[in-house]
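These are the residues of each chain, in order.
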Amino acid sequence: MSKSINTIQSTAVPVNIENIDTDQIIPARFLKATSREGFGKNLFRDWRFENDDESKPKNFPLNNSTYSGKILVAAKNFGCGSSREHAAWAIKDYGFDVVVSSFFADIFKNNALNNFLLPVVVSDAFLQKMFDAISKDAKTEFEANLPEQFIKIVATGEQESFDINNYKKTCLLNGYDDIDYLLSMKEEIEAYEPH
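### Topic: the pairing of strand S4 (residues 53–57)
Summarising burial for S4: zero of the five residues are buried, a small minority. The pairing of strand S3 (residues 49–50) with S4 spans two bridges and is antiparallel. Paired with Glu50 across the bridge in S4 is Asp53. What sits between S3 and S4 in their antiparallel hairpin is a turn of two residues, with Asn51 showing a positive phi close to 50 degrees.

### Considerations on the pattern of salt bridges
A side chain of one charge can pair with a side chain of the opposite charge if their charged atoms are brought near each other. Scanning the model with the defined rule gives 10 salt bridges in all. Here Asp97 ties to Lys70 by a salt bridge, and the two come within 3.9 Å at their closest N and O atoms. With Asp97 in the loop between helix H3 (86–94) and strand S6 (98–101) and Lys70 in the loop between S4 and strand S5 (71–74), the pair connects residues that are 27 residues apart, well separated along the chain. A salt bridge links Lys152 to Glu143; the shortest N-O distance between them is 3.7 Å. Judged by relative accessible area, which is 11%, Glu143 ranks as buried. A cluster of three or more residues bridged by salt bridges with shared partners is formed by Arg29, Arg45, Asp46, Asp52 and Glu54.

About the cut-offs
Residues numbered from 1 in each chain as written. Predicted model: local features only at pLDDT ≥ 70, side-chain atom pairs only at ≥ 80, totals over all residues. Heavy atoms only, no water. Buried < 20%, exposed > 50% of the residue type's maximum accessible area, 1.4 Å probe, protein only. Helix = DSSP H or I, 4+ residues; strand = E, 2+ residues; numbered from the N terminus. Pairing = 2+ DSSP bridges. Salt bridge = Lys/Arg side-chain N within 4 Å of Asp/Glu carboxyl O.

So this is what it looks like as structure tokens:
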């Protein structure tokens, strides 16, 4: 799994449902594992399958081959509910690098950033433009540009900037977790605090 994120240009999967909580993202019965791998297959599990039976898929965007890509576009208040980090693991393991919404729960947003998943907050109006663009053409591409902090509808050139903590931006651009970041500053730390 590649960790660093720079510019992602991709089609998107729309999940136009408000107030998606972490139990809907990854149901509690799948939280027993402790490694981050394998959670993607259970992303939105109860919304994707009838009675947990993979042979009975429901009408849900992740089951629709029309939609694909590395960007998940979700409605307002995404990631609310309990603080499970597994929600970010499941989204990342499924293959998404970017999640777009007009509002994220703070704990989900931090968990996403810590797991190399870029949460992009846009205005309600721009979010609706993204949903409309996907509705008109499922192959619409979007550009999430982390260095310049904007997301763009490639076909129309419409874009909106987004905020991100400078420290987390550095970590995402370089593929650093918190320890990697400290190690990257080893020489400066040693120069400041000699042996």
